[in-house]
Every structure is written in structure tokens, then in C-alpha cells.
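Read off the chains here:
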Amino acid sequence: MTASPVPGLRCETESRRDTAQALAAQFGLEYTDAHSDSPFQLVLTDQRLELRQFGEDAPGPIFVDLVEGKAAHRRRFGGGRGQPLARAVGLKSGASPSVIDATAGLARDAFVLASLGCEVTLIERQPAIAALLADGLQRAALDAEVAPIVARMTLQFGPAEECLRALPQADVVYLDPMYPTRDKTALVKKEMRAFHRLVGPDTDAGELLRVAREVARKRVVVKRPKGAEFLAGARPGASIESKNTRYDLYLCP
Ligand SMILES: C[S@@+](CC[C@H](N)C(=O)[O-])C[C@H]1O[C@@H](n2cnc3c(N)ncnc32)[C@H](O)[C@@H]1O
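Residues numbered from 1 in each chain as written. Predicted model: local features only at pLDDT ≥ 70, side-chain atom pairs only at ≥ 80, totals over all residues.

### Overview of the overall build of the protein chain
At step 1: Per the secondary structure count, the protein chain includes nine helices and 11 strands.
At step 2: Taken over the C-alpha trace, the protein chain has a radius of gyration of 18 Å; the compact-globule value for 253 residues is 18 Å, and the two agree within 12%.
At step 3: With respect to the three principal axes, the spread of C-alpha positions in the protein chain is 55 × 40 × 35 Å.
At step 4: Out of the 253 residues in the protein chain, the part that is buried amounts to 40%.
At step 5: Within the protein chain, counting contacts between residues at least 6 apart in sequence, those at least 24 apart form 65% of the total. (Helix = DSSP H or I, 4+ residues; strand = E, 2+ residues; numbered from the N terminus. Rg over C-alpha atoms; globule rule 2.2 N^0.38 Å. Buried ≥ 20, exposed ≤ 12 C-beta atoms within 10 Å, placed from the backbone. Contact = placed C-beta atoms within 7 Å.)

As C-alpha cells, this is what we get:
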């Protein structure tokens, strides 16, 4: 599977045209007034920026939602600092390491860490995903309950290998690269299949791990599907497992 071409951005509502054009310019996306006949298009509606897929069996729109749905559920009932992700980054009572999430995606993991008190820098290189993230963070900042969490999240657009070298060091670098075979499992929902189709597999993740291990102050955490081989064959110092996921920990000397 290879990545789809970067989608263009269309505005559905006249009053937000300036916002749409600014977003397109910020992330190097083509601004268009035309409906797309390519598989994906970003559309700015009255409420949000969303990624739409066209064609047979297309899923509903993809957008970043940090206020309701799964994010809200996980924030309230996700298990707090005892959940595997929190333990993997080294969240203990009283300690909230700084984290760079170098593969931000739709910010689900980053949001969990920020909601548990971590300062999180999110890096995303895919322009359409980065635009969705910027929009999702902006909307979440308007919600009284979620705003203090989002205030701990900062977005960087670009290749993580470069950003990691330019940013101040963080305690933890967190990696969740796209895993090629995940797409084929029946467990992967339609929305995630669309996301995988847009982004393609992260075949260069081994190099990212190498850079992450150079710059992290305390540890690098790599999220893998349970049973998957280690990223780039690199044996971790420890692993933490949950139902479908394994977090491999590379501790810094
Ligand atoms: C599996 S998704 C991450 C999902 C994320 N953990 C979440 O909770 O939503 C992987 C994302 O990392 C991004 N990515 C992969 N390698 C990258 C790199 N070297 N630099 C920046 N972004 C990268 C991809 O574009 C994709 O959006």
C-alpha cells in the first residue's frame, strides 16, 4: 500500500473562506472551490475541518475530536496513570515527563498523555493530517473543560527526524508509526482503513527510532500491535502489554 496523493482543501461555507485559505497555506495544501473527484478531499464546514473519502464503501468523515466521543470516554474512564500507555511513558504519581509524540496522527494518544498532565509536542508530517490536527486543537481550546489540557499540546508540522533535532530535548519520545499489516485485519475499522490509505505505511520508521534514541532524555516508547516484531529489529529494554497493543521501551543510558 502506498500513500494517496495529498488531498486539496475546499470550503463549504462562504464566511469561513479566509480561514480555509489560511489553513491551506499553512500546510501547503491546494485550496480549491471544486468538489473533488480524487479519493479524498478536506472540507471546512461551519463546525470543523474534515477529511472526506469518496467512492464505494467510503467511511464517514474523519476529523480530530478531542472533546467528545472516544476522547471524552477515555479521559473519564481510561484508567488514569495506571493505564498501559501512561506506565509506558513513565507517568508515576507526582511525575509528569515531557513528551514528544513524533507520529501524532489524530492525537488520540497525545491527548491521553496531556490529559494526565504531560506537556506534549505533537509532530506530524502528512499535510492533511496536520491540518486536521490544527483544527481539532483549535476547536478543543474553546471547550472550558478541555482547554487546560489542550494548552499542554503544541503542534509541529514537518518530518519528525528534522523536528526532533531542532526542538528542545524532551524526557520521552513516543512513536506509533503506521504498521503495514494492521490494515488487513478485520479489526481495523473503516475510518482507520481510510486513514491508512491516505498516509500509507511508515517504511522509514527505523530511521526515526534511531534519531529518537539519540535525542530523548529518558526513554523512547514505540507502540506496536501485540505480536508484531520489534521496530527495525531493535530489542527494547522492556515492554508493557495491553489487550491488542505492546509498548516497547528503549531506556536512555
Ligand atoms: C499510526 S498514526 C499515529 C496515531 C496516533 N498515535 C494517534 O493516537 O492518533 C502514525 C502517524 O505518524 C505520522 N508519521 C509517521 N512517520 C512520521 C515522521 N517521520 N515524521 C512525522 N510524522 C510521521 C503519519 O503521517 C501518521 O499520521
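After that view of the structure, there is still more to cover.
### A short note on the sheet that holds strand β8 (residues 172-175)
At step 1: The strand order across the open sheet built from seven strands is β7-β6-β5-β8-β9-β11-β10, with neighbouring strands paired in mixed fashion. Of all strands in the sheet, those bounded by a partner on one side alone are β7 (153-157) and β10 (238-241). The mean angle between the axes of side-by-side strands here comes to 20°, regardless of whether they run parallel or antiparallel.
At step 2: Bridge count between strand β5 (residues 99-101) and β8: three bridges; the pairing is parallel. For Ile100, the partnering residue across the bridge sits in β8 and is Val173.
At step 3: Against the sheet, helix α5 (residues 127-140) contacts β6 (120-124) and β7, and its axis sits at roughly 155° relative to β7.
At step 4: Helix-sheet contacts for helix α9 (residues 205-215) involve β8, β9 (219-225) and β11 (245-251), and the interaxial angle to β8 is about 170°. (Pairing = 2+ DSSP bridges. Axes fitted to C-alpha atoms, helices over the stretch in contact; angles between N-to-C directions.)

### Thoughts on the environment of Ile62
At step 1: Within the secondary structure, Ile62 is located in the loop between β4 (49-53) and α2 (69-77).
At step 2: Spatially, the C-alpha atoms of Ile62 and Glu50 are 5.5 Å apart, while their sequence positions differ by 12 residues.
At step 3: What Ile62 contacts, discounting residues up to four positions off in sequence, is Glu50, Leu51, Glu191, Ala194 and Phe195.

### A closer look at the pairing of β6
At step 1: The buried count for β6 comes to five of five residues, which makes it a mostly enclosed element.
At step 2: Burial of the side chains of β6 extends over both faces: Val120, Leu122 and Glu124 are buried on one face and Thr121 and Ile123 on the other.
At step 3: Across five bridges, the pairing between β6 and β7 is parallel. The residue bridging Thr121 from the neighbouring strand is Thr154, located in β7.

### What about the nonpolar core?
At step 1: Membership of the largest hydrophobic core comes to 75 residues, with the highest contact counts inside it found for Val89, Ala102, Ala131, Val173 and Leu175.
At step 2: No other element matches the eight residues that α5 contributes to this core.
At step 3: Two domains each donate at least three residues to this core, and these are domain 1 (9-53) and domain 2 (69-251).
At step 4: Filtering out sequence-adjacent residues up to four positions away, Ala131 remains in contact with Leu9, Leu23, Phe27, Leu29, Leu42 and Leu49. (Core = buried A, V, L, I, M, F, W, Y, C linked by C-beta atoms within 7 Å. Domains from an automatic or database assignment.)

### A short note on α5
At step 1: An ideal rise of 1.5 Å per residue puts 20 Å on 14 residues; α5 measures up with 20 Å between its terminal C-alpha atoms.
At step 2: α5 sits mainly inside the fold: 11 of its 14 residues count as buried. (Expected span 1.5 Å × (residues − 1).)

### Looking at the site of the ligand
At step 1: Around the ligand sit 20 residues in total, of which Thr103, Gly105, Arg108, Arg125 and Ala160 are the nearest.
At step 2: Every element with two or more residues in the shell around the ligand is listed here: α4 (108-115), β6 and α7 (160-166).
At step 3: For the shell around the ligand, a count of residues per class yields 10 nonpolar, three polar and seven charged. (Near = placed C-beta within 6 Å. Nonpolar A, V, L, I, M, F, W, Y, C, P; charged D, E, K, R; others polar.)

### Considering the sheet that holds strand β2 (residues 31-32)
At step 1: What the four strands build is an open sheet, ordered β2-β1-β3-β4; its pairing is mixed. Of all the strands in the sheet, just β2 and β4 have a single pairing partner and so form its edges.
At step 2: Bridge count for strand β1 (residues 9-11) against strand β3 (residues 40-44) is three bridges, and the pairing is parallel. Among the inter-strand pairings, Leu9 is bridged to a residue of β3, identified as Leu42.
At step 3: Where α5 meets the sheet, it contacts β1, β3 and β4, and its direction lies at approximately 140° from that of β4.

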